[in-house]
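Per-entry structural report
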Amino acid sequence: MAIEWAEIVARYKDGAELPSMPGARTLKVTGADDEYIYVSHRLWSDKITRAHLEKAMRLLDEGQMTRNYGDVIDHYRTYIADERPTTAATILKDLGYVE
């Protein structure tokens, strides 16, 4: 189910609003390029690294990470990066990798 990065950039380059975890505010994707997906929330803005997301997608495709949203957050933080794991899980969910 690998998604080419060009498809991800096309999907998010003009921004998007993604439902976040239950009870949380909507996550705003403000853009995307060859290296990052740019995001903002009510109190902060940041970027998610392409290499980290691609590693997560590979691990999910290979069955080495669970597709459960809550578990993906912990696994992402532990096995990939402590770079906004909840935000990364929200993006992965929007891309169809996480339940």
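Our structure's up above, just so we're on the same page.
All residue numbers refer to position in the chain's written sequence, counted from 1. Local features in a predicted model are, by the rule used here, given only for residues with pLDDT of at least 70; side-chain atom pairs are given and counted only at 80 or more, and totals for whole chains, interfaces and linings are based on all residues. Values reported for side chains reflect all heavy atoms of the structure, with hydrogen atoms and water molecules removed beforehand.

**Focus on the environment of Pro 19**
Condition: Runs of E in the DSSP output that reach at least two residues are strands. Runs of H or I that reach at least four are helices, and both are numbered from the N terminus.
The topology assignment puts Pro 19 in the loop between strand S1 (16-18) and strand S2 (27-32). Here the alpha-carbon distance between Pro 19 and Lys 93, two residues 74 residues apart in the chain, equals 9.4 Å.

**Overview of the packing of aromatic side chains**
To keep it simple, the criterion reads: For Phe, Tyr and Trp, where Trp contributes only its six-membered ring, two rings pair if their centres lie within 6.5 Å, and the inter-plane angle classes them as stacked under 30 degrees, edge-to-face over 60, or tilted in between. Throughout this description, the term charge over a ring refers to an Arg CZ or Lys NZ atom that lies within 6 Å of the ring centre and within 35 degrees of the ring normal.
All chains considered together, the criterion is met by one aromatic pair. Cation over ring: Lys 47 sits above Tyr 36, and NZ or CZ is 4.4 Å from the ring centre. Taking the ring centre of Tyr 69 as reference, the NZ or CZ of Lys 93 above it sits at 5.5 Å.

**Topic: unusual backbone geometry**
The test is simple: To sort residues, take the accessible area from a 1.4 Å probe on protein chains only and compare it with the maximum for the residue type: under 20% means buried, over 50% means exposed, and anything in between is partly exposed.
Unlike most non-glycine residues, Arg 84 shows phi in positive territory, near 45°. Within the element layout of this structure, Arg 84 appears in the loop between helix H3 (69-80) and helix H4 (85-94). Overall, Arg 84 belongs to the partly exposed group, its relative accessible area being 30%.

**Considerations on helix H1 (residues 5-12)**
This is how it is decided: This arc is taken over the directions from the axis of the helix to the C-beta atoms. Only heavy atoms enter the contact rule, under which two residues are in contact if any of them lie within 4.5 Å.
All of the buried residues in H1 are Trp 5, Ile 8, Val 9 and Tyr 12. All buried residues of H1 lie within an arc of 100° about the axis, which places them on one face of the element. Check the buried side of H1 and you find it contacts S1, S2, strand S3 (36-40), helix H2 (50-61) and H4.

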